[in-house]
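# Survey of secondary and tertiary structure
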Amino acid sequence: MITRSVTIEDIDDLYLMWNDHINASALYRRALREEMEVRGVDPDELRDLLERAREQGYTLEEIAEDTNRFDDLQSLVEEQQSQPTAGDATDD
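What counts and how
Residues numbered from 1 in each chain as written. Predicted model: local features only at pLDDT ≥ 70, side-chain atom pairs only at ≥ 80, totals over all residues. Heavy atoms only, no water. Helix = DSSP H or I, 4+ residues; strand = E, 2+ residues; numbered from the N terminus. Buried < 20%, exposed > 50% of the residue type's maximum accessible area, 1.4 Å probe, protein only. Contact = heavy atoms within 4.5 Å. Areas by Shrake-Rupley, 256 points an atom, 1.4 Å probe, with all protein chains shown as cover. Axes fitted to C-alpha atoms, helices over the stretch in contact; angles between N-to-C directions. Parallel < 35°, antiparallel > 145°, perpendicular 65-115°, else oblique. Left-handed = near helix turned anticlockwise from the far one by under 90°.

### Quick look at the overall build of the chain
The secondary structure content of the chain amounts to five helices and zero strands. Going residue by residue from the N terminus, the α and β elements of the chain occur as α-α-α-α-α. Per-residue burial over the chain gives 13% buried out of 92 residues. Long-range contacts, defined here as pairs at least 24 residues apart, represent 35% of the contacts in the chain between residues at least 6 apart. In the form shown here, the chain has an accessible surface area of approximately 8000 Å², with 47% of it arising from carbon and sulfur atoms.

This is the structure in structure tokens:
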């Protein structure tokens, strides 16, 4: 997992201090899931594609460099799967 810095307002900080039982990370993830829903991205499908890309040898940094949306990641994974491996090549 990568830690990101998030800027919050003083009122956010104060509210979280008053309510230290609130998991700010969970609030952040919930907001991201809502944003994904607005854009029609299924988190489970995204998780699956990310896992498949990593199994194909891509690092998270490479994936971020080569893609900038769900469809790009899907294409990256599918293109890699459709390429024949060295063992699949036939001699003419």
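### What to know about the environment of Glu45
Along the chain, Glu45 falls in helix α3 (residues 43-55). We classify Glu45 as partly exposed; its relative accessible area is 43%. Put simply, Glu45 and Phe70 are 25 residues apart on the chain and 9.2 Å apart in space, counted from C-alpha to C-alpha.

### Examining the packing of α3 against helix α5 (residues 70-82)
With their axes 10 Å apart at the nearest point, α3 and α5 run at an angle of 40 degrees to one another. Here α3 lies oblique to α5, going by the angle between them. The chirality of how α3 crosses α5 is left-handed. Listed contacts from α5 to Glu45, Leu46, Leu49, Leu50, Arg52 and Ala53 of α3 are Phe70, Leu73, Gln74, Val77 and Gln81.

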